[in-house]
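Each chain is listed here by its residues.
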Amino acid sequence: MRIKYLDGLRGIAILLVLLFHAYSRWPAIVPYGADYADFPLFRYGWLGVQLFFLVSGFVIFMTLDKTKSFTDFMVKRWLRLFPAMLIASLLIYATASLFYERPAGMPQPLNLLPGLTFIEPDWWSKILGVKVSSLEGAFWSLYVEFKFYIIAGIVYFVLGRAALVPALIALYVGSLAMPALAAVSGYPLLLLAVKISAALTLEYFGWFAAGAMYYLHVQTQSEKWFIGGLLMSVLSALAMRSDYALTLVTLAALAVCALFAISLKSLLMQRLLQNKLLLFLGFVSYPLYLIHENAMISMIVKMPAYAGWLPQVLYPLPAIALLAFVAYLVAKYIEPQCRKWLNNHLRSVVAVSWRKAD
C-alpha cells in the first residue's frame, strides 16, 4: 500500500535539504556568500534528514510486516537502496571533471566504497589503513539508515514484532544516558557501550522509533501510539542540544515533528502533501539526494559566467531543475531496470546454489 502523503513529506524533506545546501552550507564558495544563509528555511533545512528518518521509521516497520525473514527483508532493502546508489555513484564519478568546483574535491576510486557498501568511510579507513571519504557528504544518512535496517530486522525476527518499538526506544534512551553515566562512573563496560553507541549512531534512533510508533497508530488507530510517537519525536528534537534548551534549532526541529504528526491527523494536510510538485519531489527524492550537493554547488558557482542576468537569489534554481530531471530519469527508467536485473540475477544465483546443494 502506497501512502501518498508520505511521498509528499519526502518531497518536503528533499526540498529542505536542497535549500540548506544551496544557500547556507557553503557561503565561502557560492557567489552570493552568506547573504541568504540565515533565512530560517535555509539555515535549518538540514532537518529535512530528520524528516526522512521519521518517514523511514514508519515505512520500515510496514516493510517488516510484509516480509517473511530477516534475509528477505535485507534483500528487499538492498534492492531498494543499491541500484540508485550504484547509478548515482557512477554518474558522480564520471562527471566530476565537469564540476571541478566541487566542495568535496575530485573523487578517487576508493571514494566509491562507502556508498556502494553503505559502510561509513571512517570504518573503511580503519580497515584499509588509508584515508577514505564519501563521494558526497550527504551519504552519511544512508550509513545511519542501513544500520537501522540491520538492527530493526534482527529485533523484529529474533525477538518478535512486539519488541521492535521498545528496543528502539531503549537503544535511543541508552545513547542519551550512557555518556553521562560513563563520565561519572568511569566503568570500562560503560565506556565501551558509549563507543558502540556512537559507532551504531544510536543518537538518531529516536526519530526511527517515533516513525515506528506512528505506523502502529495508523495501523491500529490507537491513540497511545500517536502520543508515544509525538513524545519520542519531541524528545529527539529537544535532545539535539545537550542542554535541552529551547533555541531556534530546537523550535525548527519541533516544527518538523509537528508537520509529521499533523499529516497523520489532518485530511487537509494530507491533500496539501499530495500536490503534484511535492509528489514529484518525493518520487525523485532518493536519487536527487544522492547526486545533488557537489554538482549543484558547482553549477551555482558557474552561474555568474553563464547566467549573470539572473538575480543571485535564483542561481540555484536552474541547477535544481536540471538535477531533478536527471533524478527523474534515474527513478523512472534506469533504476527500475537495474533493480530488475539485480533481482533476476540474485534469483538465478540462489536457484543454482539450491541445485548444487541437492
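See the structure printed just above.
Residues numbered from 1 in each chain as written. Predicted model: local features only at pLDDT ≥ 70, side-chain atom pairs only at ≥ 80, totals over all residues. Heavy atoms only, no water.

Q: Help me out: how do you make sense of the overall build of the protein chain in this one?
A: Regarding its fold elements, the protein chain presents 15 helices and zero strands. Taken over C-alpha atoms, the radius of gyration comes to 21 Å for the protein chain, in line with the 21 Å a tight globule of 358 residues would show. Taken along the three principal axes of its C-alpha coordinates, the protein chain extends 60 × 60 × 50 Å. Taken over 358 residues, the protein chain has a buried fraction of 49%. (Helix = DSSP H or I, 4+ residues; strand = E, 2+ residues; numbered from the N terminus. Rg over C-alpha atoms; globule rule 2.2 N^0.38 Å. Buried < 20%, exposed > 50% of the residue type's maximum accessible area, 1.4 Å probe, protein only.)

Q: Sorry if this is basic, but what is going on with the packing of aromatic side chains here?
A: How two aromatic rings sit relative to each other is given by the distance of their centres and the angle of their planes. The tally for this structure, following the rule as stated, stands at 27 aromatic pairs. Relative to Tyr 149, the ring of Phe 73 has its centre 6.5 Å away and its plane inclined at 85 degrees; by these criteria the two rings are edge-to-face. Residue Phe 73 is found in helix H4 (residues 70-95), and its partner Tyr 149 is found in helix H7 (residues 140-159); the two are separated by 76 residues along the sequence. Exposure class is identical for Phe 73 and Tyr 149. Each is buried. Summarising the aromatic geometry, the rings of Trp 140 and Tyr 204 are spaced 5.3 Å apart at their centres and angled 45 degrees between planes, so their arrangement reads as tilted. Here the residue Trp 140 occupies a position in helix H7, and Tyr 204 occupies one in the loop between helix H9 (188-199) and helix H10 (205-220), the gap between them amounting to 64 residues. Of the aromatic side chains, those joined through ring pairs into one cluster are Phe 53, Phe 73, Phe 118, Trp 140, Phe 146, Phe 148, Tyr 149, Tyr 204, Phe 205 and Phe 208. Directly above the ring of Phe 226 sits Lys 265, whose terminal nitrogen or CZ lies 4.7 Å from the centroid. (Phe/Tyr/Trp six-rings, centres within 6.5 Å; stacked < 30°, edge-to-face > 60°. Lys NZ or Arg CZ within 6 Å of the ring centre and 35° of its normal.)

Q: What am I meant to see in the side chain of Glu 136 here?
A: Note that Glu 136 resides in the loop between helix H6 (121-128) and H7. Polar contacts involving the side chain of Glu 136 include one to the side chain of Asn 294, which spans 2.8 Å. Other than its neighbours up to four places away in sequence, Glu 136 contacts Ile 92, Arg 102, Leu 290, Ile 291, Glu 293 and Asn 294. (Polar contact = N/O pair within 3.5 Å; in protein donor to acceptor, adjacent residues only side chain to side chain. Contact = heavy atoms within 4.5 Å.)

Q: I keep staring at the nonpolar core and nothing clicks. Help me out?
A: The tendency in soluble globular proteins is for nonpolar side chains to be buried side by side. Counting residues in hydrophobic clusters, the biggest one holds 113 residues, and the most contacted among them are Leu 51, Phe 58, Phe 260, Leu 288, Tyr 289, Leu 290 and Met 296. Here this core takes 15 residues from helix H14 (residues 276-307), the largest share from any one element. Contact partners of Phe 260, with chain neighbours within four places excluded, come to Leu 6, Leu 9, Leu 51, Leu 54, Val 55, Phe 58 and Tyr 214. (Core = buried A, V, L, I, M, F, W, Y, C linked by side-chain atoms within 4.5 Å.)

Q: What am I meant to see in the packing of helix H1 (residues 4-23) against helix H3 (residues 48-64) here?
A: Helix-helix packing is described using two parameters, namely the angle between the two axes and the distance between the axes. Two numbers describe how H1 lies on H3: the axes approach to 8 Å, and their chain directions differ by 155 degrees. Taken together, the axis directions place H1 and H3 in an arrangement best described as roughly antiparallel. In this structure, H1 crosses over H3, and the sense of that crossing is left-handed. Where H1 approaches H3, its residues Leu 6, Leu 9, Arg 10, Ile 12, Ala 13, Ile 14, Leu 16 and Val 17 are matched on the opposing element by Gly 48, Val 49, Leu 51, Phe 52, Val 55, Phe 58 and Val 59. Considered class by class, the residues forming the contact of H1 with H3 number 13 nonpolar, one polar and one charged. (Axes fitted to C-alpha atoms, helices over the stretch in contact; angles between N-to-C directions. Parallel < 35°, antiparallel > 145°, perpendicular 65-115°, else oblique. Left-handed = near helix turned anticlockwise from the far one by under 90°. Nonpolar A, V, L, I, M, F, W, Y, C, P; charged D, E, K, R; others polar.)

Q: I would appreciate a short explanation of the packing of H7 against H14 in the present structure.
A: Two elements in contact, H7 and H14, have axes separated by 10 Å at closest approach and are oriented at 130 degrees. Here H7 lies oblique to H14, going by the angle between them. Touching Trp 140, Ser 141 and Leu 142 of H7 are Tyr 286, Tyr 289 and Leu 290, all from H14. The residue inventory of the contact of H7 with H14, partitioned by class, reads five nonpolar, one polar and no charged.

Q: Would you take a moment to explain the side chain of Ser 175 for this structure?
A: Tracing the chain through its elements places Ser 175 in helix H8 (residues 164-185). Judged by its relative accessible area of 11%, Ser 175 falls in the buried class. In contact with Ser 175, not counting residues within four places along its chain, are Ser 197, Leu 202 and Glu 203.

Q: Just checking my understanding: could you explain the pattern of salt bridges for this structure?
A: In a structure, side chains of opposite charge can pair up when their charged atoms sit close to one another. Per the counting criterion, the structure on display carries eight salt bridges. Its salt-bridge partner being Arg 10, residue Asp 7 comes within 2.6 Å of it at the nearest N-O pair. Here the residue Asp 7 and the residue Arg 10 both occupy positions in helix H1, the gap between them amounting to three residues, near one helical turn. The two residues Asp 7 and Arg 10 agree in class, both being buried. (Salt bridge = Lys/Arg side-chain N within 4 Å of Asp/Glu carboxyl O.)

Q: Just to check I follow, could you spell out helix H11 (residues 223-238) for this structure?
A: Each α-helix winds once per 3.6 residues, and so residues spaced three or four apart point in a common direction. The first and last C-alpha atoms of H11 sit 22 Å apart over 16 residues, in line with the 22 Å expected at 1.5 Å per residue. Buried residues belonging to H11 abut H3, H8, H10 and helix H12 (248-265). (Expected span 1.5 Å × (residues − 1).)

Q: It is not clear to me how unusual backbone geometry should be interpreted in this structure. Could you clarify?
A: The general pattern is negative phi for most residues beyond glycine and trans for most peptide bonds. We note that Phe 118 has phi near 60 degrees; this positive angle belongs to a residue other than glycine. Relative accessible area serves as the criterion here: at 4%, Phe 118 is assigned to the buried category. We note that Gln 221 has phi near 60 degrees; this positive angle belongs to a residue other than glycine. Topologically, Gln 221 is positioned in the loop between H10 and H11.

Q: Can you help me understand the environment of Trp 26 in this one?
A: Locating Trp 26 in the fold gives a position in the loop between H1 and helix H2 (40-43). Residue Trp 26 is classed as buried on the basis of its relative accessible area, which comes to 18%. A C-alpha to C-alpha distance of 19 Å links Trp 26 and Ala 13, two positions 13 residues apart in sequence. Ignoring any residue separated from it by four or fewer positions in sequence, one finds Trp 26 in contact with His 21, Pro 103, Glu 293 and Ile 297.

The quantities given are spatial measurements derived from coordinates; they are silent on function.
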